[in-house]
Amino acid sequence: MSALVHVLDHPLIQHKLTLLRQKETSTNGFRQLVNEVSMLMAYEITRDMPMQTITIETPLQTMQSRVIDGKKIVLASILRAGNGLLDGMLQVVPSARVGHIGLYRDPNTLQAVEYYFKMPQGMHERDVIVLDPMLATGNSAVAAVTRLKQTQPKSIRFGCLVACPEGIAQFHRHHPDVPIFTPVIDEGLNDHGYIVPGLGDAGDRIFGTR
Ligand code: URA
């Protein structure tokens with residue numbers, strides 16, 4: 001597997017993912033678990049974020065200490081399921097900015113069409129974490145990152161809850177420079193484009209729309 005795919009195999013993440021997959025898990029439970037997993041994922045995804053050294057005063061003396069510039073981080077949610085990953089990540093990086101990318105699939109061309117795109121100003125100095133729970137066909141992730149690159153951010157990372165080989169291949173065919181962070185790589189896609197074994201429709205399970 002490419003060095004650009006980071007499998008987040010921390011036991012806490014894996015445990016919560018198992019609970020997420022179970023079909024009996026309620027909407028409330030699912031949402032809570034997504035919050036917890038995304039918070040834990042944020043630790044891993046931000047692991048190599050650039051830091052700066054500032055001068056601070058402890059009660060005893062002056063020292064140089066390192067900080068991450070949270071304001072430079074943009075959490076870019078692919079609507080709508082990506083929104084489910086925002087709260088947990090914002091608990092860890094509360095000063096992050098939030099962007100939204102809305103795409104739908106044209107039923108005739110099957111291409112992703114943008115209906116909404118809003119990012120903060122000054123993207124050239126920001127590190128972006130694109131969020132979508134399921135990296136399935138990879139088509140919307142590819143389209144989202146293609147659009148995002150037009151804003152020329154300093155860096156882009158992609159985070160999801162479940163990936164599959166087809167989605168990873170498609171994503172890296174178009175964006176070999178963008179690392180993927182995922183707790184798991186499942187078997188593959190079924191005929192309806194769902195990841196198996198997967199966890200079902202992430203948006204429906206987060207928002208209780210089924
Ligand atoms: N989107 C989902 O929500 N689930 C899948 O398995 C695939 C795409």
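Everything numeric in this text was worked out from a predicted model, so none of it was measured. Throughout, a residue's number is its position along its own chain's written sequence, starting from 1. With the structure being a predicted model, the display of local features is reserved for residues of pLDDT at least 70 and the display and counting of side-chain atom pairs for 80 or more, all residues being used for whole-chain, interface and lining totals. Side-chain descriptors were evaluated using all non-hydrogen atoms of the structure, hydrogens and water having been removed beforehand.

What follows concerns the packing of helix H1 (residues 11-21) against helix H2 (residues 27-45). Between H1 and H2, the shortest axis-to-axis distance is 10 Å and the interhelical angle comes to 155 degrees. With respect to H2, the axis of H1 lies roughly antiparallel. Crossing of H1 over H2 shows left-handed handedness. Contacts from Leu12, Ile13, Lys16, Leu17, Leu19 and Leu20 of H1 reach H2 at Phe30, Leu33, Val34, Glu36, Val37, Leu40 and Met41. Residues are grouped as follows: Ala, Val, Leu, Ile, Met, Phe, Trp, Tyr, Cys and Pro are nonpolar; Asp, Glu, Lys and Arg are charged; every other residue, Gly included, is polar. Taken together, the residues of the contact of H1 with H2 break down into 11 nonpolar, no polar and two charged. Fitted lines through C-alpha atoms serve as axes, helices being fitted only where they are in contact, and the angles separating the N-to-C directions of these axes extend from 0 to 180 degrees. Secondary structure follows DSSP: runs of H or I at least 4 residues long count as helices, runs of E at least 2 residues long count as strands, and numbering of each begins at the N terminus. Note that the term roughly parallel is reserved for angles under 35 degrees, roughly antiparallel for angles over 145, roughly perpendicular for angles of 65 to 115, and oblique for everything else. When the near helix sits turned anticlockwise from the far one by under a right angle, the crossing is termed left-handed; a clockwise turn instead gives a right-handed crossing. We call two residues in contact when some of their heavy atoms are within 4.5 Å.

Before going further, it helps to spend a moment on the site of the ligand. In this text, near means that some heavy atom of the residue lies within 4 Å of the molecule or strand in question. The ligand sits among Met134, Ala136, Gly193, Tyr194, Ile195, Gly200, Asp201 and Ala202. Side-chain atoms alone can form a polar contact between residues adjacent in sequence; in general such a contact is a pair of N or O atoms within 3.5 Å, and within protein one must be able to donate a hydrogen while the other accepts it. Between Ile195 and the ligand, the recorded distance is 2.8 Å, taken from a backbone N or O atom to an oxygen atom. One nitrogen or oxygen atom from the main chain of Ala202 is found 2.8 Å from an oxygen atom belonging to the ligand. Where accessible areas are quoted, they stem from the Shrake-Rupley method and a 1.4 Å probe; at the residue level, only the protein chains shown are allowed to cover. For the ligand, whose accessible area on its own is 230 Å², the fraction buried by protein is 82%. Detection works on a 1 Å grid of protein atoms alone, calling trapped sets that fit a 1.4 Å probe cavities and calling open sets with protein on both sides within 12 Å along at least five of seven lines pockets, with lining residues defined by an atom within 4 Å of a point. Molecules are considered to sit inside a cavity or pocket once more than half of their atoms lie within 2 Å of its grid points. Most atoms of the ligand, that is more than half of them, are within 2 Å of grid points of the largest pocket. Split into classes, the residues belonging to the shell around the ligand amount to five nonpolar, two polar and one charged.

Take the pattern of salt bridges next. The term salt bridge refers to a pairing of a side-chain nitrogen on Lys or Arg with a carboxyl oxygen on Asp or Glu at a separation within 4 Å. Within the structure shown, the criterion is met by 10 salt bridges. With its nearest N and O atoms 2.7 Å apart, the salt bridge here joins Asp186 to Arg21. One end of the pair, Asp186, is in the loop between strand E11 (180-182) and strand E12 (188-189); the other, Arg21, is in helix H1, and 165 residues separate them in sequence. Whether a residue is buried, partly exposed or exposed follows from its accessible area with a 1.4 Å probe, protein chains only, as a fraction of its type maximum: under 20%, in between, or over 50%, in that order. On the basis of relative accessibility, which here comes to 7%, the residue Asp186 falls in the buried class.

Glancing now at the layout of surface pockets. Grid points are joined across faces, edges and corners, and a volume is the space filled by probe spheres set on the points. The volume enclosed by the largest pocket comes to roughly 910 Å³. Forming the walls of the largest pocket are 32 residues, and the residues nearest its centre are Asp132, Met134, Ala136, Thr137 and Ser140. Contributions of two or more residues to the lining of the largest pocket are made by strand E5 (97-105), strand E8 (134-135), helix H4 (139-149), helix H5 (165-174) and helix H6 (202-207). The biggest single contributor to the lining of the largest pocket is H4, with five residues.

Moving on, we come to H1. For H1, the set of buried residues is Ile13, Lys16, Leu17 and Leu20. One side of H1 carries all its buried residues, which in axial view fall inside an arc of 110 degrees. In this structure, H1 carries Pro11 and His15 as exposed residues pointing more than 90 degrees from its buried face. This arc corresponds to the set of directions leading from the helix axis out to the C-beta atoms.

All we've got here are geometric facts, nothing functional implied.
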